[in-house]
Amino acid sequence: MSTHTVTITDNRSGKQAEFDIIDPTIGSPAIDIRTLHGQLGLFTYDPGFQATASCKSDITYIDGDQGILLYRGYPIEQLAEQSNYLETSFLLMYGHLPDPGEYDEFVNIIKRHTMVHEGVKQFFNGFQHDAHPMAIMVGVVGALSAFYHDSLDVTNPRHREISAHRLLAKMPTIAAYSHRRAHGLPLPYPRNDLDFIENFMYMMFSVPTEEYQINPVAVRAMRKIFILHADHEQNASTSTVRLASSSGANPFACISAGIASLWGPAHGGANEAVIRMLEEIKDPSEIPKYIARAKDKNDPYRLMGFGHRIYKNYDPRAKIIREACNDLLEVLDSSNQPLFETARELERIALEDEYFLERNLYPNVDFYSGIILKALDIPLNMFTVIFAMARTAGWISQWLEMMEDKEQRIGRPRQIYTGATQRDYVPLSQRR
Ligand code: ACO
């Protein structure tokens, strides 16, 4: 129980009410306003939840001013350097790093859930050949609830755990199939001798006529992207998953809602926009023209992959992924391709230019992840799908946490009604 309170006075009536301040372990405290309407007859107005905590959570902590990102207390830098995606997923889901026995068991469980029901595979034939892979993801992930209803009782903790394992394990299979469908390629079965990321790359790029060669540099870069994108506290897609599941809906439907939210260009689509921008700039000599446009107050043009709503000093993920990006370009020897040259030059100019320095507009995680995915020959329309796969660990962890939280209720925001006051219906014949 908090010992701090805040008193709110309604200046119109002079009525006062006292509210507890809830202290977090780190970060900004919050006013507990649950009884506000009951006490003062007032709602709060906060479109976009800029100052509203929708839940208590033990999972991820962000300090945008300091450039800090912690998963269950562990700095993202340490996890990106020393962990792997499945270990990080275990950490997010269960709250602690697994011991060797727990780790082996978890990896084994996930591997044994990677196949999808043969009936699910039929879905892929039904989609238009040029369907966007995110459209396929929204549909197929939601449809999983029609196949795995043996464990759909969301009030049963064991059912919840099985569904979470299934989602984490099947996501790469569905993602790779959505890509292969668009290219008329056969749908391969997952391979249990490969690790999580290797298996995804195999399912994306293997062909039945040749033995698939794992590229360790590509796998290393992809592993970093997965860890860095695994969770980011109450962002739009995670909040969507929580809101959808607050009604007791099944987890496949709720994660499908999260994928839909991620699909938007203001959320998961930024790294795709980075590559489209670099393709449009074409040549490093054209950069000054685009920089001038970005600075022009009368031009809405913005450099994609620069700036961040929360990280105002630096994005810790961008620092990590920048190194991975440079290593990858060196090894793949793609640094001399015009698009990558343009990217490097743009980065150099932006890091020196006063306009960008004054506004803290450094390249963000999407700038580098876009370049990495492009260098790995991942099609542009798969970029957001990869984000969705990585974020599944966060979505299911937040969902599991929420289902245990006794304070959670069905999500039901209030509104400030600004429409007509009550009026009488006029029959059609009398209207003019
Ligand atoms: N290019 C040029 N100028 C920019 C850019 C940019 N990318 N981003 C912000 N600015 C300028 C604004 O014009 C404004 O200038 P002013 O102070 O002279 O008016 C100033 O920087 C502050 O901009 P805001 O819009 O207030 O910053 P906000 O925090 O609202 O926006 C955002 C953050 C949306 C990320 C923005 O920087 C942007 O649009 N970036 C490009 C898109 C992008 O890369 N998005 C991915 C974000 S990362 C992620 O989602 C994982």
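Shown above is the structure to which this text applies.
I will try to describe carefully the structure that is included in this document. (Residues numbered from 1 in each chain as written. Predicted model: local features only at pLDDT ≥ 70, side-chain atom pairs only at ≥ 80, totals over all residues. Heavy atoms only, no water.)

Attention now moves to the site of the ligand. With respect to spatial proximity, 18 residues lie near the ligand, and among them Lys297, Leu303, Gly305, Arg309 and Lys312 are the closest. Taking Arg302, its side chain carries an N or O atom lying 2.8 Å from an oxygen atom of the ligand. Between an oxygen atom of the ligand and a side-chain N or O atom of Arg359, the distance comes to 2.9 Å. Considered on its own, the ligand offers 930 Å² of accessible surface; in the complex 71% of this is hidden by protein. Along the lines of polarity and charge, the residues of the shell around the ligand split into 7 nonpolar, 5 polar and 6 charged. (Near = heavy atom within 4 Å. Polar contact = N/O pair within 3.5 Å; in protein donor to acceptor, adjacent residues only side chain to side chain. Areas by Shrake-Rupley, 256 points an atom, 1.4 Å probe, with all protein chains shown as cover. Nonpolar A, V, L, I, M, F, W, Y, C, P; charged D, E, K, R; others polar.)

The next subject is the sheet that holds strand E5 (residues 68-71). As summarised here, the arrangement of the 3 strands in space is E4-E5-E6, forming an open sheet in which the pairing is antiparallel. The sheet is open, and its two edges are formed by strand E4 (60-63) and strand E6 (74-75), each paired on a single side. The pairing of E4 with E5 spans 4 bridges and is antiparallel. Within E5, the residue paired with Tyr61 across the bridge is Leu70. (Pairing = 2+ DSSP bridges. Helix = DSSP H or I, 4+ residues; strand = E, 2+ residues; numbered from the N terminus.)

Quick look at the packing of helix H5 (residues 118-126) against helix H7 (residues 157-182) now. In the contact formed by H5 and H7, the axes pass within 10 Å of each other and the chain directions differ by 35°. Once H5 is placed against H7, the crossing between them reads as right-handed. Where H5 approaches H7, its residues Lys121, Phe124 and Asn125 are matched on the opposing element by Ile174, Tyr177, Ser178 and Arg181. (Axes fitted to C-alpha atoms, helices over the stretch in contact; angles between N-to-C directions. Left-handed = near helix turned anticlockwise from the far one by under 90°. Contact = heavy atoms within 4.5 Å.)

Further remarks concern the packing of aromatic side chains. Inspection of the entire model under this criterion finds 16 aromatic pairs. When the centroid spacing of 5.3 Å and the interplanar angle of 80° are considered together, the rings of Phe90 and Phe106 count as edge-to-face. Here Phe90, found in helix H3 (residues 85-94), pairs with Phe106, found in helix H4 (residues 100-111); they are 16 residues apart in sequence, far enough to count as distant. The pair formed by Phe90 and Phe106 is uniform in burial state, with each residue classed as buried. Measuring from ring centre to ring centre gives 6.3 Å for Phe196 and Phe226, while their planes differ by 75°; the resulting arrangement is edge-to-face. On the criterion of sequence distance, the pair formed by Phe196 in helix H8 (residues 196-205) and Phe226 in helix H9 (residues 216-228) is long-range, its members being 30 residues apart. Taken as a pair, Phe196 and Phe226 share a single burial class, namely buried. Three or more aromatic residues joined by ring pairs form one cluster here, namely Phe306, Tyr355, Phe356, Phe367 and Tyr368. One residue, Arg191, lies across the ring of Tyr202, its end atom 4.9 Å from the ring centre. Seen from the ring of Tyr314, Lys319 lies directly overhead, with NZ or CZ sitting 5.0 Å from the centre. (Phe/Tyr/Trp six-rings, centres within 6.5 Å; stacked < 30°, edge-to-face > 60°. Buried < 20%, exposed > 50% of the residue type's maximum accessible area, 1.4 Å probe, protein only. Lys NZ or Arg CZ within 6 Å of the ring centre and 35° of its normal.)

What follows deals with a negative patch on the surface. Among the surface-exposed residues, Glu81, Glu323, Asp327 and Glu330 lie close enough to one another that they form a single negatively charged patch. The leading source of residues in the negative patch is helix H14 (residues 316-332), at 3 residues. Mapping Glu330 onto the fold places it in helix H14. Look at Glu330 and you get exposed, because its relative accessible area is 63%. (Patch = residues over 30% accessible without salt bridge, like charges linked within 9 Å, V, L, I, M, F, W, Y side chains within 5 Å. Salt bridge = Lys/Arg side-chain N within 4 Å of Asp/Glu carboxyl O. Lys, Arg positive; Asp, Glu negative; His and termini not counted. Charge placed at Lys NZ, Arg CZ, Asp CG, Glu CD.)

The biggest cluster of nonpolar side chains holds 114 residues, and the ones touching the most others in it are Met222 and Leu346. A per-element tally of this core places helix H18 (residues 383-404) first, with 12 residues. (Core = buried A, V, L, I, M, F, W, Y, C linked by side-chain atoms within 4.5 Å.)

This part takes up the side chain of Lys170. Mapped onto the secondary structure, Lys170 falls in helix H7. Buried charge without a salt bridge: Lys170, with Asp150 as the nearest opposite-charge side chain at an N-O distance of 9.5 Å. Ignoring anything within four residues of it in the chain, the contact list for Lys170 reads His113, Thr114, Met115, Val116 and Tyr148.

For H7, with 26 residues, the first-to-last C-alpha span of 37 Å sits near the 38 Å given by 1.5 Å per residue. Along H7, the largest kink reaches about 35° and is centred on Lys170; proline Pro172 follows within four residues of it. Within H7, 21 of the 26 residues are buried, which leaves the element mostly enclosed by the surrounding structure. Near the N-terminus of H7, the side chain that reaches the backbone nitrogen of Arg158, with its oxygen 2.9 Å away, is that of Asn156. Gly184 sits one or two positions beyond H7 and adopts a positive phi of about 65°. (Expected span 1.5 Å × (residues − 1). Bend = angle between axes of the 7 residues up to and from the residue.)

For the rest of this paragraph, the subject is the sheet that holds strand E3 (residues 30-31). Taking strand neighbours across the sheet as the criterion, the 3 strands line up as E1-E2-E3 in an open arrangement whose pairing is antiparallel. A single partner strand is all that each edge strand has here, and the edge strands are strand E1 (5-9) and E3. The pairing of E1 with strand E2 (residues 16-22) spans 5 bridges and is antiparallel. Considered in E2, the bridge of Thr7 is made with Glu18.

A word on the pattern of salt bridges. All chains considered together, the criterion is met by 21 salt bridges. Residue Arg12 pairs with Asp10 through a salt bridge whose shortest N-O separation is 2.6 Å. In this structure Arg12 comes out as exposed when scored by relative accessible area, which is 68%. The exposure class assigned to Asp10 is buried, which follows from its relative accessible area of 8%. Note that Glu358 is salt-bridged to Arg359, the shortest N-O span being 3.6 Å. Residue classification places Glu358 among the exposed residues on the basis of a relative accessible area of 56%. Since its relative accessible area comes to 37%, Arg359 is described here as partly exposed. Several salt bridges converge on common partners, so that one network encompasses Asp32, Arg34, Lys56 and Glu407.

For the structure shown, the criterion picks out 2 cavities of 30 Å³ or more. Considered as a void within the structure, the largest cavity measures approximately 90 Å³ in volume. Lining of the largest cavity is provided by 13 residues; of these, Lys111, Thr114, Leu194, Phe196 and Asn199 occupy positions nearest its centre. The set of elements that each furnish at least two residues to the lining of the largest cavity consists of H4, H7 and H8. Ranked by residues supplied to the lining of the largest cavity, first place goes to H7 with 3 residues. Split into classes, the residues belonging to the lining of the largest cavity amount to 6 nonpolar, 4 polar and 3 charged. Listing elements by their share of the lining of the second largest cavity, those giving two or more residues are H14, helix H15 (338-352) and helix H17 (365-375). (1 Å grid on protein atoms, 1.4 Å probe; cavity = no way out; pocket = protein on both sides within 12 Å on 5 of 7 lines; lining within 4 Å. Points joined across faces, edges and corners; volume = space filled by probe spheres on them.)

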